[in-house]
Every structure is written in structure tokens, then in C-alpha cells.
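Structure assessment
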Amino acid sequence: MNSRAKGKRGELDLAHALTAAGFPASRGQQRKGGEESPDVICEALRGFHIEAKITATCKMHSPAQLREWDAQAQRDAGQFRTPLVIHRWNGNKTWWVRLLKPGWPAVWLTLPEFLTSTHIWESV
């Protein structure tokens with residue numbers, strides 16, 4: 001599977017996971033980049049910009065990869081949304097959310113942990 005098809009599949013899988021958790025979502029518009037083109041659109045999470053990352057292996061602990069992902073998410077989030085990098089790798093069913101709240105250290109949460117605490121992160 002090429003990287004574009006894998007990215008599309010990952011975005012669709014994340015949208016399905018969010019929808020199954022009670023947060024209806026769909027794949028975003030991928031053409032432009034920027035705050036108008038999140039990877040996944042979820043009205044209930046409109047204060048967040050979602051960048052979905054699916055890889056062959058875990059990249060949660062790769063400083064170089066995280067710098068790249070964080071920079072993309074922060075750039076595309078604009079000034080009014082909190083950037084999220086949501087990552088999963090082949091063979092793992094857990095989605096991991098990297099919350100990039102300005103002024104706070106980056107934090108990893110599982111998708112269920114994040115979804116049950118969104119009210120906390122939106123108000124901080």
C-alpha cells in the first residue's frame with residue numbers, strides 16, 4: 001500500500017474510531033493544508049486541529065518524527081485551535097493523542113482518555 005493510500009485509510013479508521021466513541025467524524029479535505037484542512041473533521045472537537053498519523057512502527061518516542069509532526073500540527077492549527085497529533089501503528093488498535101496545548105508540555109493520552117477529558121483541555 002502506498003503512503004497516500006495508507007494515510008487515507010488511517011484517517012478513515014480514526015474517523016470511525018471517533019464516531020464509534022460518540023464523536024461523529026469524517027475524513028477532512030486534504031488538498032490545501034492549514035486550518036481549513038484537518039485530516040479528520042469532528043464538530044464536537046472543533047476547538048482542536050486533528051493530524052492523523054499511521055505508521056508501520058511506533059513513532060511516539062522518535063524525537064525527529066515528533067518534531068516534524070508537531071510542527072505540521074501547530075502550523076496547520078492556526079491560532080484558534082489546539083493541535084493534536086493522533087497516532088497509531090500497524091498491529092496496534094490503540095490510537096494515541098499527542099496534545100500540544102500552547103504553554104504546556106506535550107502530553108500523550110489514549111483516545112478514550114482524551115475524549116473523556118476534552119472539557120478540561122478546552123478550558124485550560
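This text goes with the structure placed above it.
Figured I'd write up the structure that's included with this text. (Residues numbered from 1 in each chain as written. Predicted model: local features only at pLDDT ≥ 70, side-chain atom pairs only at ≥ 80, totals over all residues. Heavy atoms only, no water.)

What follows deals with the side chain of Arg-98. Locating Arg-98 in the fold gives a position in strand β5 (residues 96-99). Reaching out from Arg-98, the side chain makes a polar contact with the side chain of Asp-70 at a distance of 2.9 Å. Setting aside residues no more than four positions away along its own chain, Arg-98 makes contact with Leu-66, Asp-70, Pro-83, Leu-84, Val-85, Ala-106, Val-107 and Trp-108. (Helix = DSSP H or I, 4+ residues; strand = E, 2+ residues; numbered from the N terminus. Polar contact = N/O pair within 3.5 Å; in protein donor to acceptor, adjacent residues only side chain to side chain. Contact = heavy atoms within 4.5 Å.)

Here the focus is the pairing of strand β3 (residues 48-55). Taken across its 8 residues, β3 has 8 buried, putting it largely inside the fold. Burial along β3 is two-sided: the face carrying Phe-48, Ile-50, Ala-52 and Ile-54 and the face carrying His-49, Glu-51, Lys-53 and Thr-55 are both buried. The sheet contact formed by β3 and strand β4 (residues 82-89) spans 8 bridges and is parallel. Within β4, the residue paired with Ile-54 across the bridge is Arg-88. As a crossover connection, the stretch from β3 through helix α2 (residues 63-77) into β4 is right-handed. (Buried < 20%, exposed > 50% of the residue type's maximum accessible area, 1.4 Å probe, protein only. Pairing = 2+ DSSP bridges. Right-handed = clockwise from strand over helix to strand, strands pointing away.)

Along the chain, His-119 falls in helix α4 (residues 118-123). Sequence-wise, His-119 and Leu-45 are 74 residues apart; in three dimensions their C-alpha atoms are separated by 9.9 Å.

Right, let's get into the packing of aromatic side chains. A full pass over the atoms with the stated rule returns 2 aromatic pairs. Ring centres of Phe-48 and Phe-114 lie 5.2 Å apart, and the angle between their planes is 80 degrees; on these two criteria the pair is classed as edge-to-face. In this pair, Phe-48 is assigned in strand β3 and Phe-114 in helix α3 (residues 111-115), connecting sequence segments 66 residues apart. Residues Phe-48 and Phe-114 agree in their burial class; the two are buried. Ring centres 6.2 Å apart and planes at 80 degrees place the aromatic pair Trp-104 and Trp-121 in the edge-to-face group. One end of the pair, Trp-104, is in the loop between β5 and β6 (107-110); the other, Trp-121, is in helix α4, with 17 residues separating them in the sequence. A relative accessible area of 14% means that Trp-121 is categorised as buried. (Phe/Tyr/Trp six-rings, centres within 6.5 Å; stacked < 30°, edge-to-face > 60°.)

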